Amino acid sequence: TVEISSETGSLQLKGQIDVILSDQSKQLFCVMDYKTGAKTPGAQDIRDFESLQLPIYFLAASILYPNMIGIGGIIYQIKDNERCEKKLLFTTEMGKEEIFDIGRKRPFVLDDAYINRLKAHIGSLKALMSRGHFGWNDPDITPRAIKKRVQFCQFCHYSRACRAPHRYPERSNA
């Protein structure tokens, strides 16, 4: 359990980070999340706060290990028994320059300003939820959300309970 504080207040989060990779001698850490689905988030999803899991893991690890320096976030996608893929979604400037061999890849570069915006975004989400706003028709905080809804909906486990009739037109007559 960690407490995230921002200008809008504080929020306690409880969960489990899949993996925290660390180099104790250099006091560095990197968070990693395992994914088994066909679709994984990209750097733009991280930047636009459309994928919050890995950045929240990073923030939580920073709070849990204040004497260590966070350098990045990795998705480890397990496609099947023989195919796995590692993807660096974000890194700090230090990670980019000194740690990761990124070649031509362009992960999102995380900085203090992003962390502050992330905290504010989490605070905004908390405020919306505390006022009962947490549905498909609530004001979007991220601009690309409407365009991506169709993509998200096709993998959603809550299709039977969804109240967004335009997503499931076959049920509109029911």
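Residues numbered from 1 in each chain as written. Predicted model: local features only at pLDDT ≥ 70, side-chain atom pairs only at ≥ 80, totals over all residues. Heavy atoms only, no water.

Draft legend 1. Local environment of the pairing of strand β3 (residues 19-23). Pairing analysis gives 5 bridges linking β3 to strand β4 (residues 28-35), with the strands arranged antiparallel. Looking at the pairing, Ile20 lines up with Val31 of β4. Joining the antiparallel neighbours β3 and β4 is a turn of 4 residues, in which Gln27 adopts a positive phi near 60°. (Pairing = 2+ DSSP bridges. Helix = DSSP H or I, 4+ residues; strand = E, 2+ residues; numbered from the N terminus.)

Draft legend 2. View of the pairing of strand β2 (residues 9-13). In this sheet, β2 lies alongside strand β1 (residues 2-6) in antiparallel orientation, the contact comprising 5 bridges. Looking across to β2, one finds that Ser5 is bridged to Ser10. The antiparallel pairing of β1 with β2 creates a hairpin that spans 2 residues between the two strands.

Draft legend 3. Region of the structure containing the packing of aromatic side chains. With the rule as written, the count across this model stands at 5 aromatic pairs. Taking 5.9 Å as the distance between ring centres and 85° as the angle between the ring planes, the aromatic pair formed by Tyr34 and Tyr76 counts as edge-to-face. Remark: Tyr76 occurs in strand β5 (residues 69-78) and Tyr34 occurs in strand β4; sequence separation between them is 42 residues. By relative accessible area, Tyr76 is classed as partly exposed at 27%. Members of the aromatic cluster, each reached through a chain of ring pairs, are Phe29, Phe58 and Phe90. (Phe/Tyr/Trp six-rings, centres within 6.5 Å; stacked < 30°, edge-to-face > 60°. Buried < 20%, exposed > 50% of the residue type's maximum accessible area, 1.4 Å probe, protein only.)

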